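What follows is each chain in one-letter form.
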Amino acid sequence: MIRKEEVYKIGRLGKPHGVKGEIAFHFDDDVFDRTDADYLVLELDEILVPFFIDEYRFKNGSTALMLFDGITTQEQARELTGTEVYFPRRLSDSSDEDMTWAEIIGFTLTDKATGKAIGTLRAVDETTINTLFEVETADGKNLLIPASEEIINSVDAERKEIAVTLPDGLLDL
């Protein structure tokens, strides 16, 4: 059985494309192409299930048209519309120095000075001039923390931890 901590979200399935089971895959990370992955993991009824890739082709820079093994009709593909798509962490081609934003979702941010956990990284907002970490604290508060090289000290993929040095008063805002 595949556990949630063994994978990270890379996208979502869209609408069927044509009548032979092809489906649009809207992705945030093209790791499936960089590593020549044999399968992707889909979340069906809160269960992570591997789906083997028969073939795919890129429609544009953030969408691929996928054909999964055993999905041969438009109706079968339609049942997968909206499904979250994950990639196994162990198959990723990234190192601690070059991880993608998608790979660090779920990591714990810790204050390097105190060693205390700040919270869990829930999302990365790239819609503004400065990229922001959206962090949820243990007491349920949501924080926005700049995702800049000046603040990030280290990333430990094995421990799923990002050590940061925050400017004085940032957590008091």
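Residues numbered from 1 in each chain as written. Predicted model: local features only at pLDDT ≥ 70, side-chain atom pairs only at ≥ 80, totals over all residues. Heavy atoms only, no water.

Under an unreviewed UniProt entry, the name given to the protein is Ribosome maturation factor RimM, and the organism recorded is Segatella buccae ATCC 33574. Quoted straight from UniProt, the Function (unreviewed entry) entry for the protein says "An accessory protein needed during the final step in the assembly of 30S ribosomal subunit, possibly for assembly of the head region. Essential for efficient processing of 16S rRNA. May be needed both before and after RbfA during the maturation of 16S rRNA. It has affinity for free ribosomal 30S subunits but not for 70S ribosomes." (UniProt positions renumbered as here; feature names shortened; annotations may be inferred.)

**Brief notes about the UniProt feature "domain: Ribosome maturation factor RimM PRC barrel" (unreviewed entry) in the protein**
Sequence positions flagged by UniProt for "domain: Ribosome maturation factor RimM PRC barrel" (unreviewed entry) are, in local numbering, residues 101–170. With 6% helix and 46% strand, residues 101–170 has end C-alpha atoms that lie 22 Å from one another. (Helix = DSSP H or I, 4+ residues; strand = E, 2+ residues; numbered from the N terminus.)

**Looking at the UniProt feature "domain: RimM N-terminal" (unreviewed entry) in the protein**
Using the residue numbers shown here, the UniProt feature "domain: RimM N-terminal" (unreviewed entry) corresponds to residues 10–90. What you have in residues 10–90 is 12% helix and 53% strand, and the ends, taken at the C-alpha atoms, are 14 Å apart.

**Thoughts on the layout of surface pockets**
Here the largest pocket is characterised by a volume of approximately 500 Å³. Around the largest pocket sit 22 residues that line it, and Tyr 8, Lys 9, Trp 101, Ala 102 and Ile 105 are the ones nearest its centre. Taken together, the residues that form the lining of the largest pocket break down as nine nonpolar, two polar and eleven charged. Domain assignment of the residues forming the lining of the largest pocket places at least three in each of domain 1 (7–93) and domain 2 (107–164). (1 Å grid on protein atoms, 1.4 Å probe; cavity = no way out; pocket = protein on both sides within 12 Å on 5 of 7 lines; lining within 4 Å. Points joined across faces, edges and corners; volume = space filled by probe spheres on them. Nonpolar A, V, L, I, M, F, W, Y, C, P; charged D, E, K, R; others polar. Domains from an automatic or database assignment.)

**A look at the sheet that holds strand β3 (residues 39–44)**
Spatial ordering of the closed barrel is given by β1-β2-β5-β4-β3-β6, a layout of six strands whose pairing is antiparallel. Sheet twist, expressed as the mean angle between neighbouring strand axes with direction ignored, is 45 degrees. The sheet contact formed by β3 and strand β4 (residues 47–60) spans six bridges and is antiparallel. Bridging from a neighbouring strand, Val 41 pairs with Pro 50 of β4. (Pairing = 2+ DSSP bridges. Axes fitted to C-alpha atoms, helices over the stretch in contact; angles between N-to-C directions.)

**Remarks on the sheet that holds strand β8 (residues 117–125)**
Overall, mixed pairing links the six strands, which are arranged β10-β9-β8-β7-β12-β11 in an open sheet. Looking at the sheet topology across the chains shown, the edges are occupied by β10 (142–146) and β11 (152–156). Across the sheet, the axes of successive neighbouring strands diverge by a mean angle of 35 degrees, strand direction being ignored.

**Digging into the pairing of β3**
Remark: two residues form the turn of the hairpin made by β3 and β4, two consecutive strands paired antiparallel; Asp 45 in that turn has positive phi of roughly 50 degrees. With two bridges joining them, β3 and strand β6 (residues 84–88) adopt antiparallel strand pairing. Directly across from Leu 42, in β6, lies its bridge partner Val 85.

**Structural notes on the environment of Ala 147**
Inspection of the secondary structure puts Ala 147 in the loop between β10 and β11. Residues Ala 147 and Thr 131, spaced 16 residues apart in sequence, show a C-alpha to C-alpha distance of 5.5 Å. Excluding anything up to four places from it in sequence, Ala 147 contacts Trp 101, Thr 131, Leu 132, Phe 133 and Ile 152. (Contact = heavy atoms within 4.5 Å.)

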